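Chain residues, written in single-letter form:
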Amino acid sequence: MDAHRVVNVLVRRRDGAGLLRGVPAIVLVVTATVIPFVGLVAKVLGAGDVFAVWSRPGVSGTAWFSVWMGAVSTVATLAIGLPAAWIVARHRFRGRDLIRVVLGAPFVLPTVVVGAAFLALVPGGRGLVAIVAAHTFFNISVVLRTTTPVFSAIHDDLVDAARTLGAGRIRTLREIVWPLTRSAVTAAAGLVFVLSATSYGIVRILGNATRSTIDVEIYRRAIEFGDPSGAAALALTQAVAMLVVVTWSASRRGVPFTTLASGSRRRVPRAGVLYVWILAVAVVLPIGALVTRSFRGADGWTVSGWRAVFGGDHSRLEGVDLLGALGNSIRFAAIAAIVAVPVAILVARPRRNSRLVTFIASTPVAVSSVIVGLGILITYDVEPFDIRSAWWLIPAVHASVALPYALRSIAPLVASLPTGLGEAAATLGASPWRAWWSVELPLLRPALATATATSLAVSLGEFGATSLLTRRDTRTLPLLVESLLGRSGGVGSTAGSAAATMLLVLTGFVIVVLDRGLRT
Amino acid sequence: MRPNVICSRAVLVATIAIGATLAACGSDDARTTTLTLVAYDSFTPPEGAFDEFTRQTGITVEIATAGDTGEMVAKAALTSGNPEGDVMWGVDTTFLSRAIDAEVFDPYVSGAAPISDYLLATADDTVTPVDFGDVCVNYDVAALEALDLAPPTSWADLVDPKYANLLVTPSASASSVGLAFLLGSIADQGDGYWEDYWKALVDNGVLVVDGWNEAYYTEFTRYGGTRPLVVSYATSPPAEVIFADPPSPTEAPAPTAVVESTCFRQVEYAGVLRGTDRVDAARSLVDYLVSANFQSMLPESIFVYPSNSQVELPESFTRYATDVATPLFFDARYIETNRERLIEAWTRIVS
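It should be emphasised that the depicted structure is a prediction, and the values quoted were computed from it without experimental measurement.

Quick notes on the domain arrangement of chain B
Residue and element names in this part refer to chain B. Per the domain assignment, the segments making up chain B are domain 1 (31–131 + 266–318) and domain 2 (134–265 + 331–350). For domain 1 versus domain 2, the separation of C-alpha centres amounts to 28 Å. Of all the elements in the fold, those that place two or more residues in the side of domain 1 that touches domain 2 are α4 (93–101), β9 (256–273) and α15 (315–320). Among the elements that take part in the side of domain 1 that touches domain 2, α4 stands out by supplying five residues, more than any other. In terms of residue class, the side of domain 1 that touches domain 2 is built from five nonpolar, seven polar and two charged.

In structure tokens:
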């Protein structure tokens, strides 16, 4: 057998395995997202309903608003986030770890809290500008998480070589950096667009009650108007449109390149450091306003909100169990990450991952969580398989929702791994498993850290589906925050802000530990 | 009539998959010792509230929270006939008709406690009224004094330029409190006339925000906002006193008060969920929910008035809450039929 055929056989074998490795991802997403979604749509949607709902007043306006507001938010987020990601990924400077944590934090905050934090900072600051600003604030972390692994993998020598050969900054950027990072950047852009266009909490709180996205309209029809078929029609449309965007943006292929050492150790220009610090301050301000609010009662400063959430003041807030909610949140997030990250690793294989698998693994991003939550109630309700109230449904849904994000953190780096490495190992007699374990996996460590942190963060912040599946004893932190903020009397506001602060601290801790533990 | 959904589906599954689940479709089984009470998130009775029921019947009560009232009813309507619990607490006037139309309930009106005829008349012979409360314009006493303004007393005052830019309300399309305020204005002004009233409100600078908590905790002057008039509950003043921080001196008046003529009444109901296999036990739980023992815990835990007319109100209510004599009210059927139309029209006006 000549060498050419050996390679061919190897490649073909891996090809078949591509689909096989996708099986866990397919099982996870199909059971936790696709079946409930299709189940609900099939139950409530008649043939004519798909079009009928669009003739309702205001509905087509929400679709148009979703699209253009999503586009504006995406441009703003990329313009601000990409330079920051580049600086954080490629340079060592004092405070870098802190900045990474700060810029990564907003993503996990329940959007209800992000909205409240913005209002605490700019009282009365509602409207379109506020919505776009909040989406930028919220999604910079998505850009960071998706692009830093690739940015940090571009070797200095490449850039230096281009410069030495006479290319200017712009030309180096266009002909060297862009081809290498294109796949990560478009993936980030696609994700940010989908997250902004399907935004729910931020638009509700900052939209002056008059702006509404399709996701808001889905909720209103499903819950407030008692029009599940209209909601299902919109959800179906939204899912299809967003899947197209996500699939297209995730399928852009970058130029493969070799990464044997990661990143650059060189100092960053002062202006760059200043930029990320300013950005970090801009992110901290609303969060700071939130923390302040946890100490701010109607009649001055107080710690009673904190006392109340820690159970020191039982008579005043019935049914509040901060430690219980904290425990649930941690438990669910851990399970979600333990499931989602390995499943994502299996799917994200160099060039050999099946399109079908990638497509299916992306669906949770595109699907309305309200519809999934309601769908689970009506599809998994048949005795003896009535699992609607099973606690593990919640981490299962979280894992499914986290999978696309985990995949996006890993896939760009995997796609840029040199093909030769695995094949060299195979030629030297290593089994595919061994080649993967000892050669490829160590190179993926930064991406794994990011994927794990992202999965934990997604689970910690998930609100829509959780709120429909939770029971009192499975309540998570975001739900506790929401419920506290809805209470009469000053203590609800301070205690709600205190619980939101706890959520923030927990997430910051997760990101720091993972960065330290897995990256270095 | 539809056949029993649980049984027919279980039979189907059993035939295909396992084949031994028929037994579960019989009468009461070992699980009779626990009943599940489905309730909205903010249902927070004191610890031990069901101990007396357990002592009397040997049945323990598990609470399954189900989101806010709208989410709870949407879920119940979708799972009608195969419910997530045995009894539901808290479907209110604005959602009752939808629940009834979706056949969520197995009709049962408890006769175990004295409940006023006017409350019973609203229950459609399907559910039992368990509590009621009002949504009214609240005002910050000190803030109005600082502005040298007398508190408003009527709907007309709210559109008076004297009170320009002072009122904040949650959105009628996103908040039950906001919807109640809209319905109150319609009950007062009349369907067909309320649009002009709302245009006048907008011209007079009403601020519309998403939810109750933003209206109250962000925009209301008492919590650092700029609006001394806020749409909230009639029981917000006693809540201000009970949750005052630091605790207020016992003789001090409540820092907020309500504009009584703007109050819109909402009644909440409890019912037996259709499809429960423990109908008798579920009915006895509904009886307990209106018992004097349980009802006396409601005012200071979930800030509503008990439906049981023999229950005495606590001092915080008799002293600080306004007992609204003639609240505005709408039939549940009217609300269900017109909700979408009214909200769409309202959204156009405030946009």
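Things to note about the nonpolar core
Most often, soluble globular proteins keep nonpolar side chains buried together rather than apart. In terms of nonpolar packing, the biggest core is built from 270 residues, with A344, L403, I410 and A499 of chain A touching the most fellow members. No other element matches the 15 residues that helix α18 (residues 393–415) of chain A contributes to this core. In this structure, this core is formed jointly by two domains, domain 1 (31–131 + 266–318) and domain 2 (134–265 + 331–350) of chain B, each of which donates at least three residues. Leaving out residues up to four positions away in the same chain, I410 of chain A has contacts with A344, I345, A348, L444, A447, L448 and A451 of chain A.

Focus: the pairing of strand β5 (residues 128–140) of chain B
All names here are of chain B. In terms of burial, β5 is a largely internal element, 13 of the 13 residues being buried. Here β5 pairs with β9 via eleven bridges, running antiparallel. What sits directly across from N138, in β9, is V258. Two strands pair when backbone bridges link them, and β5 and strand β10 (residues 305–306) are joined in this way by two bridges, in the antiparallel orientation. Of the residues in β10, the one forming a bridge with D131 is P306.

Description of the pairing of strand β3 (residues 87–92) of chain B
Residues and elements named next belong to chain B. Counting buried residues in β3 gives six out of six residues, a clear majority hidden from the surface. Pairing of strand β1 (residues 34–39) with β3, which is carried by three bridges, proceeds in the parallel orientation. The residue bridging V38 from the neighbouring strand is M88, located in β3. Here β3 runs beside β9; their pairing, made up of five bridges, is antiparallel.

Overview of the environment of I214 of chain A
Residue and element names in this part refer to chain A. As for its placement among the helices and strands, I214 is situated in helix α11 (residues 214–224). With 165 residues separating them in the primary sequence, I214 and D49 have C-alpha atoms 16 Å apart. When residues no more than four places from it in sequence are discounted, the contact partners of I214 are T62, A63, S66, T198, L234 and Q238.

Thresholds, definitions, all that
- Each chain carries its own residue numbering, running from 1 in the written order of its sequence.
- Chain A is the first chain written and ligand 1 is the first ligand written, with later ones labelled in order.
- Totals for whole chains, interfaces and linings use all residues, but because this is a predicted model, local features are given only for residues with pLDDT of at least 70 and pairs of side-chain atoms are given and counted only at 80 or more.
- By convention here, the domain bounds are inherited from an automatic or database domain assignment.
- Per the convention used, a helix needs a DSSP run of H or I reaching at least four residues, while a strand needs a run of E reaching at least two, with both numbered from the N terminus.
- Residues were grouped as follows: Ala, Val, Leu, Ile, Met, Phe, Trp, Tyr, Cys and Pro as nonpolar; Asp, Glu, Lys and Arg as charged; and all remaining residues, including Gly, as polar.
- What we call a nonpolar core is a set of buried Ala, Val, Leu, Ile, Met, Phe, Trp, Tyr and Cys residues whose membership is set by joining through C-beta atoms within 7 Å.
- Put simply, a residue is buried when 20 or more other C-beta atoms lie within 10 Å of its own C-beta and exposed when 12 or fewer do; between those, it is partly exposed, and each C-beta is set from the backbone.
- Two residues qualify as being in contact provided that their C-beta atoms, derived from the backbone, are within 7 Å of each other.
- At least two bridges found by DSSP between two strands is the condition for calling them paired.

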